[in-house]
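# A closer look at the structure
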Amino acid sequence: MTLSERPEPPAALRDVATHAGEWALDPARSTVELSTRHAWGMAPVRGIFRTVAGQGTVTPDGKISGTLSVGAASLDTDHAGRDKRLHGHLFLAAEQYPNIVFVLDGITPDADHVNVAGTLTVRDRALPISFPAQVSVSAETVTLDGVAMIDRGDFGVSHNILGMAGMKNTLTLHAAFTKR
C-alpha cells in the first residue's frame, strides 16, 4: 500500500498530536465487560469488572501509549458462587494475580475505525492482541470503544468440567480518559 492509498484516518485521529500530554482513565465513566457462553454454549454469561484504572500518553509527534488495568477479583457476574469460582485458582487466580493488564503499543487508523494493538496479561501470561475500536476526541476527553475476542486457554485458564464453560470470551471496552 502506498502512502496515497492509505485510508483517511478517522476525524478523531487526524490531529492527534494536538492532544499531546498525559491522560487519566475516568473509572466512573469507563467499563470493561466480559461475556461468554456456558452450559455447552446454550447459556450466556455476562460480567463486569468493577475495578478499572489506567492512563495514557500522547507525545508531541502523535505516538500513543497507555495502560489499562482491571481488578481480577472485581469481576461481577451477579452470581456469588460463580464469581467465587472465577476469582479462584482454577480461573483468574485473583489472590496470586490481582490485576489483568493491557499495555497499549499503538493505535493505527483505518477507514472508519482504529486498530488497537498491545499486550494483554492474564495471570502469568502476556500475549499480543489487537482489536478494532472507535475513538472520539474532544478538548477534555478521549473515549475508546472496542471489542476484543479472547481465548482464555491461550492464557492458561483452561479449567472446563465436561466442556461446559466456553473458552471463547468477548471483552467489551468503553474507556474514557481525561487530560491531567
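This write-up is about the structure you can find in this document. (Residues numbered from 1 in each chain as written. Predicted model: local features only at pLDDT ≥ 70, side-chain atom pairs only at ≥ 80, totals over all residues. Heavy atoms only, no water.)

## A look at unusual backbone geometry
Not every positive phi belongs to a glycine, and Ala93 is a case in point at roughly 50°. On the secondary structure map, Ala93 appears in the loop between helix 1 (80-87) and strand 7 (99-109). Judged by relative accessible area, which is 7%, Ala93 ranks as buried. Phi angles above zero are rare outside glycine, and Arg123 is one such case at about 55°. Residue position: Arg123 is located in the loop between strand 8 (114-122) and strand 9 (125-137). (Helix = DSSP H or I, 4+ residues; strand = E, 2+ residues; numbered from the N terminus. Buried < 20%, exposed > 50% of the residue type's maximum accessible area, 1.4 Å probe, protein only.)

## A word on the environment of Thr67
Relative to the helices and strands, Thr67 is located in strand 5 (residues 64-71). Note: C-alpha distance between Thr67 and Ala24 (43 residues apart in sequence) is 9.8 Å. If we ignore the near neighbours within four places in the chain, the residues touching Thr67 are Ala53, Gly54, Gln55, Val101, Phe102 and Val103. (Contact = heavy atoms within 4.5 Å.)

## Observations concerning the nonpolar core
Generally speaking, nonpolar side chains in soluble globular proteins are found buried as a group. In terms of nonpolar packing, the biggest core is built from 38 residues, with Phe49, Ile100, Phe102, Val116, Leu120 and Phe131 touching the most fellow members. Sequence-distant contacts of Val116, that is, excluding residues within four places in its chain, are made with Phe102, Leu104, Gly106, Ile107, Ile129, Ser130, Phe131, Ala133 and Leu144. (Core = buried A, V, L, I, M, F, W, Y, C linked by side-chain atoms within 4.5 Å.)

## Side note on the pairing of strand 5
Taking burial as the measure, the eight residues of strand 5 include six buried ones, the bulk of the element. Direction of pairing for strand 4 (residues 52-58) relative to strand 5: antiparallel, over a ladder of seven bridges. Among the inter-strand pairings, Gly56 is bridged to a residue of strand 5, identified as Gly66. Inspection of the sheet shows strand 5 paired to strand 7 by six bridges, in the antiparallel sense. Within strand 7, the position partnered with Leu68 by the bridge is Phe102. (Pairing = 2+ DSSP bridges.)

## Let's talk about the pattern of salt bridges
Throughout the structure, instances matching the rule amount to three salt bridges. Its salt-bridge partner being Asp26, residue Arg29 comes within 2.8 Å of it at the nearest N-O pair. The partly exposed category is assigned to Arg29, whose relative accessible area is 39%. A salt bridge links Asp151 to Lys168; the nearest nitrogen and oxygen atoms lie 3.0 Å apart. Taken as a pair, Asp151 in strand 10 (residues 141-151) and Lys168 in strand 11 (residues 168-179) lie far apart in primary sequence, 17 residues in all. (Salt bridge = Lys/Arg side-chain N within 4 Å of Asp/Glu carboxyl O.)

## Structural notes on helix 1
Considered for burial, the residues of helix 1 that qualify are Asp83, Leu86 and His87. For helix 1, the arc enclosing every buried residue in end-on projection is 95°, short of the 170-degree limit, so these residues lie on one face. Turned more than 90 degrees away from the buried face of helix 1, the exposed residues are Lys84 and Arg85. Residues of helix 1 that are buried in the fold lie against strand 6 (75-76). (Arc of directions from axis to C-beta.)

## Details of the pairing of strand 11
Pairing of strand 1 (residues 21-25) with strand 11, which is carried by three bridges, proceeds in the antiparallel orientation. The residue of strand 11 that forms the bridge with Ala24 is Thr178. By the bridge criterion, 11 bridges tie strand 10 to strand 11 in an arrangement that is antiparallel. Directly across from Val142, in strand 11, lies its bridge partner Phe177.

## A look at the side chain of Thr170
Note on placement: Thr170 falls in strand 11. What makes Thr170 buried here is its relative accessible area of 18%. Apart from the residues within four sequence positions on either side, Thr170 is in contact with Glu33, Leu34, Ser35, Val147, Ala148 and Met149.

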